[in-house]
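Below are the chains, spelled out letter by letter.
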Amino acid sequence: MARTDPALYVEVLTFYARQMALLDALDVEGYVRTFTEDGVTDHAHRGERVEGRAAMLAGATAALPRYADAAVRHWNDHYLVDAEDPDRLRVTYCSLVTRTARDGSVTFEPTFAITDVLVRVDGDLLTASRTIDRDTPAPRAVAAAS
Amino acid sequence: MARTDPALYVEVLTFYARQMALLDALDVEGYVRTFTEDGVTDHAHRGERVEGRAAMLAGATAALPRYADAAVRHWNDHYLVDAEDPDRLRVTYCSLVTRTARDGSVTFEPTFAITDVLVRVDGDLLTASRTIDRDTPAPRAVAAAS
Amino acid sequence: MARTDPALYVEVLTFYARQMALLDALDVEGYVRTFTEDGVTDHAHRGERVEGRAAMLAGATAALPRYADAAVRHWNDHYLVDAEDPDRLRVTYCSLVTRTARDGSVTFEPTFAITDVLVRVDGDLLTASRTIDRDTPAPRAVAAAS
């Protein structure tokens, strides 16, 4: 199996720690700047594709009131870092999303599988594309049960 | 304290990212191949020990219908990697297991502590044994309350 | 962006894996020894500051009976390791806390953001201070909704 360079792996995890902190603080301008100017997010499960920082910022800003009652957190796991070349990485991971209400109660959004392409621009990593798939029962299990 | 080599640590986390992706996709053949031919899984809390790939595959295949209604995800944390020798590692971690139904609602299985022995075969890591213990209240707390 | 040394990053994650194992096993003596003698924990959201191992041990011991009915687990994510100098690190992360009852059911405490200062003493890392903030809705979202 191809090995991931430890320095690159740590850089990638640090990139996500910063990006998720911006996302969960709803710092929409800061979050959008972690994408390339023409970066794309694709919520594949609902056919919603947004292209470019300006469109992402408009969408994220419009969504802000939905988060007035609960703090959001994205908990990621199982990063796989595939360096297609030194300046272009394919990263997959899964994400559990919590909403913590003012009374401290925690509820959950569905779980997701994410595939990102990260590119290096002026030395730093940026997200060029993000594809988000909501988890659904494994076809294998559905077939076995029918 | 003994230090874990960063390259080995990243290799171990990448091994688990791949293995958990196979497990949660219910790719039972692929998952079983991440164990040695005589690999063992031991659900210590229910006295259920399975030895060898063939027995593991039979058990996992029989269990498939139980996952027809919900996507499963294992969220692991707190890996400790102890290299007993370069080709034999003792790895401990804990695991939170979600089930995401078709409507997106998330429920939880109990939490677990896991101890694995990983061995290097033809250059790649494989699981030689996995011992799974369901979390129960700490004896210390039980004693303090009685 | 400043890069984190991979060996240091792995050492920090290993430190937390050990510290959280002691905390979740309610090994209060062992947990307290992962702090400096004058270590501080500050639950900022409830104005509760505890200084020194002796006070921490007294508080933790008194709290033990509260955990007689459920196993506790802290699930951390998004570590950012900032080496202010080689022997003093500022580490931030977030934490999801589960309680697993005897029947296997899982409930959740609120989610938290943590800022630690780790110092190196006789070669090993210890926590000099820990500041814990309960997650609340982002001010940005509250403003947008009003």
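Before reading further, recall that the structure is shown in the block above.
Residues numbered from 1 in each chain as written. Chains lettered and ligands numbered in written order. Predicted model: local features only at pLDDT ≥ 70, side-chain atom pairs only at ≥ 80, totals over all residues. Heavy atoms only, no water.

Note on the copies: chain C fits chain B at an RMSD of 0.0 Å, the axial shift is 0.0 Å, and the rotation between them is 120°. The two molecules are tied by a three-fold rotation axis, judged by turn and shift. Identified as the residue of chain C closest to the rotation axis by C-alpha distance is C:Pro6, at 3.5 Å. (Least-squares fit on C-alpha atoms with pLDDT ≥ 70 in both.)

Attention now moves to the interface of chain C and chain B. Taken residue by residue, the interface counts 38 residues in chain C and 30 residues in chain B. Approximately 2700 Å² of surface area, both sides summed, lies buried where chain C meets chain B, with 64% of it carried by carbon and sulfur atoms. For B:Arg140, the salt bridge is made with C:Glu29, and the minimal N-O distance between the two is 3.0 Å. Taken together, the links from chain C to chain B amount to eight residue pairs in polar contact (both at pLDDT 80 or more). (Contact = heavy atoms within 4.5 Å. Buried area = accessible area lost by both parts, 1.4 Å probe. Salt bridge = Lys/Arg side-chain N within 4 Å of Asp/Glu carboxyl O. Polar contact = N/O pair within 3.5 Å; in protein donor to acceptor, adjacent residues only side chain to side chain.)

Applying the stated criterion across every chain, the model contains 36 salt bridges over all chains. Of the charged contacts, one joins B:Arg88 and B:Glu84 as a salt bridge, the two residues approaching to 3.4 Å between their closest N and O atoms. By relative accessible area, which is 37% here, B:Arg88 ends up partly exposed. It is possible to trace a salt-bridge network through shared partners that takes in A:Arg3, B:Glu11, B:Asp87 and B:Arg120. (Buried < 20%, exposed > 50% of the residue type's maximum accessible area, 1.4 Å probe, protein only.)

Each partner contributes to the interface: chain B provides 38 residues, whereas chain A provides 30 residues. When the two sides are added together, the surface that chain B and chain A hide from each other amounts to roughly 2700 Å², 64% of it contributed by carbon and sulfur. Counting every contact that joins chain B to chain A gives eight residue pairs in polar contact (both at pLDDT 80 or more). Counting only elements with at least two residues in the side of chain B that touches chain A, the list comes to α1 (6-24), α2 (28-32), β3 (70-85), β4 (88-101) and β5 (106-108) of chain B. In terms of residue class, the side of chain B that touches chain A is made up of 22 nonpolar, seven polar and nine charged. (Helix = DSSP H or I, 4+ residues; strand = E, 2+ residues; numbered from the N terminus. Nonpolar A, V, L, I, M, F, W, Y, C, P; charged D, E, K, R; others polar.)

Enumeration according to the criterion identifies 18 aromatic pairs over all chains in this entry. When the ring of C:Tyr31 is compared with that of C:Phe35, the centres are 5.3 Å apart and the planes differ by 75°; the resulting orientation is edge-to-face. Each member of the pair, C:Tyr31 together with C:Phe35, is buried. Here the aromatic cluster, defined as three or more aromatic residues joined through ring pairs, consists of A:Phe15, A:Tyr16, A:Tyr79 and A:Tyr93. (Phe/Tyr/Trp six-rings, centres within 6.5 Å; stacked < 30°, edge-to-face > 60°.)

Turning our attention to unusual backbone geometry. Residues and elements named next belong to chain B. A positive phi is found at Leu26, a non-glycine position, where the angle reads about 60°. Structurally, the position occupied by Leu26 is in the loop between α1 and α2. Classification of Leu26 by relative accessible area gives buried; the value is 9%.

This next bit is on the relation of the copies chain B and chain A. Laying chain B over chain A is done by rotating through 120° and shifting 0.0 Å along the axis; what remains is an RMSD of 0.0 Å. Different-surface contact between copies: only 13% of interface residues of chain B are shared with the interface of chain A.

Here we come to the pairing of strand β6 (residues 112-121) of chain B. Residue and element names in this part refer to chain B. Relative to β6, β4 runs antiparallel, the two being bridged by eight bridges. Looking at β6, one finds that Thr92 is bridged to Thr115. Pairing geometry for β6 and strand β7 (residues 124-134), over ten bridges, is antiparallel. Among the inter-strand pairings, Thr115 is bridged to a residue of β7, identified as Thr131. (Pairing = 2+ DSSP bridges.)

What follows concerns the side chain of C:Thr34. Residue and element names in this part refer to chain C. The topology assignment puts Thr34 in the loop between α2 (28-32) and β1 (35-43). A relative accessible area of 11% places Thr34 in the buried class. A polar contact of 2.8 Å, which involves the side chain of Thr34, links it to the side chain of Gln19. Not counting the four nearest positions on each side in its chain, Thr34 is found in contact with Phe15, Gln19, Leu22, Leu126 and Thr127.

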